[in-house]
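# Report on the structure
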Amino acid sequence: VFGAQARALYDGDVSAGANPEGSSPADTPEDPACLLRALKRAGLPFKEAVDSITTLLVAGHETTANTLSWALLLLATHEEQQSLAAAEVDRAWPEGTSLDYEALSRLNYVRGVFFEALRLHSTVPSVGR
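Quantities reported herein were computed from a predicted structural model and do not represent experimental measurements.

Cut-offs and rules
Residues numbered from 1 in each chain as written. Predicted model: local features only at pLDDT ≥ 70, side-chain atom pairs only at ≥ 80, totals over all residues. Heavy atoms only, no water. Helix = DSSP H or I, 4+ residues; strand = E, 2+ residues; numbered from the N terminus. Buried < 20%, exposed > 50% of the residue type's maximum accessible area, 1.4 Å probe, protein only. Contact = heavy atoms within 4.5 Å. Areas by Shrake-Rupley, 256 points an atom, 1.4 Å probe, with all protein chains shown as cover. Patch = residues over 30% accessible without salt bridge, like charges linked within 9 Å, V, L, I, M, F, W, Y side chains within 5 Å. Salt bridge = Lys/Arg side-chain N within 4 Å of Asp/Glu carboxyl O. Axes fitted to C-alpha atoms, helices over the stretch in contact; angles between N-to-C directions. Parallel < 35°, antiparallel > 145°, perpendicular 65-115°, else oblique. Nonpolar A, V, L, I, M, F, W, Y, C, P; charged D, E, K, R; others polar. Core = buried A, V, L, I, M, F, W, Y, C linked by side-chain atoms within 4.5 Å. pLDDT = per-residue confidence, 0-100.

## So, the overall build of the protein chain
Looking only at helices and strands, the protein chain features six helices and zero strands. Within the protein chain, the fraction of its 129 residues that count as buried is 22%. Within the protein chain, contacts between residues at least 6 apart in sequence are counted, and of these 43% link residues at least 24 apart. Of the roughly 9400 Å² that the protein chain leaves accessible, carbon and sulfur atoms contribute 61%.

Laid out in structure tokens, this is it:
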């Protein structure tokens, strides 16, 4: 089903990506078909566009999961840093408040933990050229 829907969107059938209300999606980052349409505008054939999106999703999922795993392991094995990170999270999200991007921007120590995890355990150790 996804392949047929993707092909219809690629070929310009906006009803294939219509919202439940029947309206067509806009080219916004929240629209999953936005990338497909952008790759078409860039001149990629359908198969290459779908392959690129698949690679992006699989690689993005895997590298994110690996980085999160290493960061959590580092925090689990370094009690003082774990306490500092937890305190920062508690300050950014007091109990009863909701998650938002502003709070994320205040997590400087936690961001540093992720950068350190990436430095020590790179998910992509080298890029061949």
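Next comes the rest of the description.
## Some words on a nonpolar patch on the surface
On the surface, Leu68, Leu72 and Phe114 cluster together into a nonpolar patch covering about 250 Å² of accessible area. Following the sequence through the fold, Leu72 ends up in helix α3 (residues 46-77).

## Here we look at the packing of α3 against helix α4 (residues 79-92)
Running from amino to carboxyl end, α3 crosses α4 at an angle of 115°, the nearest separation of the two axes being 5 Å. Considered as vectors, α3 and α4 are oriented roughly perpendicular to each other. On α4, the residues that touch Leu75, Ala76 and Thr77 of α3 are Glu79, Gln81, Gln82 and Ala85. Residue composition of the contact of α3 with α4, grouped by class: three nonpolar, three polar and one charged.

## Things to note about the nonpolar core
Proteins that are soluble and globular tend to have nonpolar side chains buried together. Counting 10 residues, the largest nonpolar core is built from Ala71, Leu74, Leu75, Ala85, Ala92, Ala103, Leu107, Val110, Val113 and Ala117. Breaking this core down by element, the ones donating at least two residues are α3, α4 and α6 (108-120). When near neighbours in sequence (up to four residues on either side) are disregarded, Leu107 contacts Glu88, Val89, Ala92 and Trp93. Grouped together as the second largest cluster of nonpolar side chains are nine residues, Ala6, Ala33, Leu36 and Phe46 included.

## Quick word on the confidence of the model for the protein chain
In this model, the protein chain carries a mean pLDDT of 79, and residues with pLDDT of at least 70 account for 78%. Across residues 14-24, confidence stays below pLDDT 50; counting only partners more than four residues off in sequence or on other chains, it has 12 contacts.

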